[in-house]
Amino acid sequence: MKSRTKAVVIGGGIAGCSTLYHLTQEGWSDVVLVERNELTSGTTWHSAAQVTNFGTNQTMVGLKSHSINLYKKLAEHPEYPINYHHGDGGIRMANTEAQMQGYRHFASMARGMGVHFDVIDAKECARRHPLISTDNLIGGLWDPLDGDIDPAQLCQALAYHARRAGAEVYRNTPVTALTQHKDDTWTVHTEHGDIDCDFVVNACGYRVNEVGAMMGVHHPVASMEHQYFLTEDIPGIIEAGHRMPLIRCPISDYYCRQEKNGLLIGFYEQDCKTWGMDGIDPNFVNALCPDDLERVMDVLEGAFARMPALRETGIRSIVNGPITYTIDGAPLVGPIPGKRNAFCAIGLRAGLGEGGGHGWLLAQIIVHGEACYDTWCLDPRRFAGHTNAELTALKAIEDYQNEFRFHFPHEHRPAGRPAKTTPLTPVMAAEGAEFTVVNGWERVDYIKPAPDFHPLLSFNFDEAFDVIAAEVKNVQENVGLAEVNGFNRIEITGADRHSFLDRMFCGTVTKRAGRVGLGYLLNHNGMIKGEATVANLPASDRGPERVWYGSAATSEFHDMDWLTQHIGADEDVQLRSLTNDLTILVLTGPRARDVLSACARGDWSATAFPWLSVRECFVGFAPATVMGVSFSGELAYEIHVPNASLYAAYLALRKAGEEHGLKLFGARAVESMRMEKGFLHWKADLITEFDPFETGLDRFVKLDKGDFIGRDALLKRQSQGPCKKLVTLEIAASHAPAHGGASLMQGEMVVGTVTSGDWGHRVGMNLAYAFVEPQLADEGSTMQLDLCGELVTATVIATSPYDPGFDRIRG
Ligand SMILES: Cc1cc2nc3c(=O)[nH]c(=O)nc-3n(C[C@H](O)[C@H](O)[C@H](O)COP(=O)(O)OP(=O)(O)OC[C@H]3O[C@@H](n4cnc5c(N)ncnc54)[C@H](O)[C@@H]3O)c2cc1C
C-alpha cells in the first residue's frame, strides 16, 4: 500500500469508483481508492440500476447525459465489456394537466442540453408499453435513452480503467480515522496503515456520517429502507418482441423495468421507514434489510391496476436495502463546508444513473477548482447550520414519499418547518403571511388575502398574481415593509481588510467610511463566483472601523469558505459571521424617507444620506444600521437590526408608517420588481458558467486596477469574445412566466436559455433574463421561447425597463 498519494477516495461504490476513474481522466494518476470490504458491498450491489436522463435542471440533465455516454462507451469496450441495456426508453406518467405542463417545461429545458424528451398522450404510452392500462392516465414524458446497467460490472470497469491509468484500489481496508495537518494535507488512517495525501473524498454511501465524524462533520444525509421485487416471466413481455420501457409513476409511487422476461418493480410507499438512525451494525456488509411487503401494499395496488398482468405473475425475489437521501433530495457533491481539501459524493438516491456524472463533475472540481457546469444544485455548502439528523430524516421521508412528484414553482413542502425563524415570524404569520423557505429560514412570500387562500400549483401565473400586484403597487405609490431574514452578513475587520477585498473583487469597491458598494467576485477561471455589497461602517461605540460584507442567504457557507481560503498568512483580516444575529427590515417606496424620519433621529434627506450610504442609528429605541440600497427600484432603506431588538424596530416602523400607507410585502413582490430593474440573482442569473462581461456586468470590472482573483483568465476570455450574453426579454404571453432553464429557439436551433422570469407589474410586461447567442443580444432581436411546449415570441429589450435613469432610487 502507498504511504503517500495525491488523493484518497474512501468508498468503493459507484460514487467512489466513478470519482477515482474521472480523477485519472482529468490527468491525476497518483490516486487511491480505499474500500472497507469488497467493491460495491454497500448499496450499489443490489441497486435496480436504472439509468435515466431526466432531471429538473440543466446540470442534472447534463451529468446524466455524461453517465449514459460513458456507460455506453464502457459497455462497448473490447477488452472489458459490461452489460448495459441502453435506450429501452422510459415513461414518466401523469394524470393531471399540471404535471403534463411541468413535463413540457422540463422537455424545453433539456433541449438546451441537447437532450430530446417527448411528451406523449396516454394512448401512445400504452403503445410503447403494451402491459399498461390507460385508466387514470393522461400521458407522460418519454425519455428515449432510459435503460439499466449491471451495477457491479460498472464499478469493476471503472476501477479497471482507473487502475490502467495509474490509480490503485485497496479492498478490505477500512478507514478508521482522518487527520488534517496545518498545511491542509490529510492522513487517512486505515486498518492496514496510513496514507498521506493532499485531498480526501468521502464516498461512503450510508456510512457517510461514520467517516464524516472522523473529520468532525455531520452531513445532512439519512437512509431509508427501499424495496423492489422481481417477478416470474410475463407472457406479454415475451410476445411484445421488444424490451419494455421503464416506468416512473407519480400517481402510485413505483418504478418498473424489465428484468429477463419479467419485471422489476420498486416502491416508494407512504408508510416508509428510515434506517440506521442510531448507528449501523459494522457487519452490515453485502447485506439487506428484512423484506416487508406489507408496508408497500398501497403502492402495490396502484402498480397492479396499471399492469393487470401482474395479478397472474409470481414474485421471484424481494430486495430491501438502504438508500440515502439528503435534506433537499439532491446529492451532495463538492467541497465539504468548513474544511479544506475535503470533498464528498454522498446522498445519492439515484446513484447508478447519476454516478458517472457526479464523479465527472467532482473530479473537475477537485482538479480545476470548478466544473464545466455550475454545480450549486449539488454543492454541499447550500445548507447552513440547520441540518441535524432529525430534520434531515423528516425531509428524507417527505422526499421519499414524493419521489416522482417534481416541485412546482412556489411549492414549499411542509416537513421540517419551521427550522429557522426570527422574533417576527409569528408576527408575520398573524398578519397572514405565506412563507417560502430560504436556506431553512421562513421568509414571507406574500400576505394572503384570506387564511384559506391556497393557489393551485402550476407553471402558469397562479392566483396570487393580483395579490403580488397590489403589494408592488403600494411599494410604488406609498411605502412597503418587508422582513429579509437569513441574509448573509460577514463582518470584516483588520488593517488589511480593504486590500484583501480589492483582491477578491473584480472591480473597485468603495473604501470610504459611511459608503456602500456592490461588487462581484470571480473564480480563478474568471467566471462569476459571488456578488456582495460592501458597507464601510465608521468607528463608533458599537465597534471599530469595519466592513459588512452582505450576500445571498444561501451563500453563507460558500462565501465564508471562499473568503477564508484567500486570506494571506501575513494579512491582518478577521471574519465573523453576523448572519444569525441580525435581520433586515426593508423599507421602500416614495414615502420611505418620511417613515424613517418619523422614527429615527437625524437628517435622512438625499443630501445628508444619499443612495449608497450607511449609518448607525436607533429606530425607535432599537439599535439599527441603515443602508441606502434598493432591490425594488424605489427609494429604499435596508435596516439591519439585532434580533433581540427586531420586534421593537418593527413596531416603531409600523407606527410611523400608519399615516403614510405602509403595508407589508414579500419575496414574490421583490422578485417581480427586481426583474424590472435588471437586478440579478445569485445562482439563477449569476453562475460560474459565464464571466462578468457575458453577464452584462462590464461596469463592475476594472481590469487596470491591479491584480485580482480571476483577472488573467478574464483577460484571456475577453480576447476570445463572449460565448453568450445575458439579456432582458419581453415575452409575448400573459398566462405564464418564462421558467429558469427554458429554451429559446430560432427554428430548430436552441439559441439561449432562460435564467429568471416573472411579470413586471409596474411596466406591465412579462419579463425574462436569458443567456443568448451574442449576435442576438441587441435590443429588438427576436426569438421563440419554448414556454411549456408552446412557442411564443421573446424580444430583447433594454435592461432596467422601469426607471432606467434610477431617479426613483435616488429619491
Ligand atoms: C433497492 C434499491 C434500488 C435502487 N435502484 C436504483 C436505480 O434503479 N437507479 C439508480 O440510479 N439508483 C438506484 N438506487 C440507488 C443507488 O443504488 C445508490 O444511489 C448508489 O448505489 C449509492 O452508491 P454509493 O457509492 O454512494 O454508496 P455505496 O454503494 O453504499 O458505497 C459506499 C462504499 O463505501 C464503503 N465504506 C463505508 N465506510 C467505509 C470506511 N470507513 N472505509 C472504507 N470504505 C468505506 C462501503 O463499504 C461501500 O462499499 C437504488 C437503491 C436501492 C437501495
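Bear in mind the structure is a predicted one, so any value in this text is a computation, not a measurement.

### Re helix α2 (residues 58-75)
Part 1: Here α2 spans 25 Å end to end across 18 residues, near enough to the 26 Å set by a 1.5 Å rise per residue.
Part 2: With 15 of 18 residues buried, α2 lies mostly within the body of the structure.
Part 3: Structurally, the start of α2 carries an N-cap: the backbone nitrogen of T59 is 3.1 Å from a side-chain oxygen of N57.

### Looking at the pattern of salt bridges
Part 1: If you walk through the whole model with that rule in mind, you get 47 salt bridges.
Part 2: Among the salt bridges present, the one from D462 reaches R668, with a minimum N-O distance of 3.1 Å. Pair noted here: D462 is in the loop between β22 (441-447) and α12 (465-477) and R668 is in helix α17 (residues 667-677), with a separation of 206 residues, a long-range link.
Part 3: Looking at R668, the relative accessible area reads 12%, which means it is buried.

### Quick word on the sheet that holds strand β3 (residues 50-51)
Part 1: Here we have three strands laid out as an open sheet, ordered β3-β8-β4, and antiparallel in their pairing. A single partner strand is all that each edge strand has here, and the edge strands are β3 and β4 (84-85).
Part 2: In this sheet, strand β8 (residues 147-149) lies alongside β4 in antiparallel orientation, the contact comprising two bridges. Considered in β8, the bridge of Y84 is made with I149.

### As for the state of the cysteines
Put plainly, two cysteines are in a disulfide when a covalent bond ties their sulfur atoms together.
Part 1: By the definition in use, this model includes zero disulfides.
Part 2: With no disulfide partner, C155 has as its closest neighbouring cysteine sulfur the one in C17, 4.3 Å distant.
Part 3: The buried category is assigned to C155, whose relative accessible area is 0%.
Part 4: Cysteine C197 shares no disulfide, and the gap to the nearest cysteine sulfur, in C204, comes to 13 Å.
Part 5: Exposure remark for C197: the relative accessible area of 0% places this residue in the buried category.

### Section: the site of the ligand
Part 1: Around the ligand, 38 residues are found, and the nearest of them are E35, T44, Q50, L348 and G353.
Part 2: Within the backbone of I14, an N or O atom sits 3.1 Å from an oxygen atom of the ligand.
Part 3: Between an oxygen atom of the ligand and a main-chain N or O atom of L348, the distance comes to 2.7 Å.
Part 4: Those elements that provide at least two residues to the shell around the ligand are α1 (14-25), β13 (221-231), β18 (315-326) and α9 (351-368).
Part 5: Looking at side-chain class alone, the shell around the ligand contains 18 nonpolar, 16 polar and four charged residues.

Quick notes on the rules
Residues numbered from 1 in each chain as written. Predicted model: local features only at pLDDT ≥ 70, side-chain atom pairs only at ≥ 80, totals over all residues. Heavy atoms only, no water. Helix = DSSP H or I, 4+ residues; strand = E, 2+ residues; numbered from the N terminus. Expected span 1.5 Å × (residues − 1). Buried < 20%, exposed > 50% of the residue type's maximum accessible area, 1.4 Å probe, protein only. Polar contact = N/O pair within 3.5 Å; in protein donor to acceptor, adjacent residues only side chain to side chain. Salt bridge = Lys/Arg side-chain N within 4 Å of Asp/Glu carboxyl O. Pairing = 2+ DSSP bridges. Disulfide = S-S within 2.5 Å. Near = heavy atom within 4 Å. Nonpolar A, V, L, I, M, F, W, Y, C, P; charged D, E, K, R; others polar.

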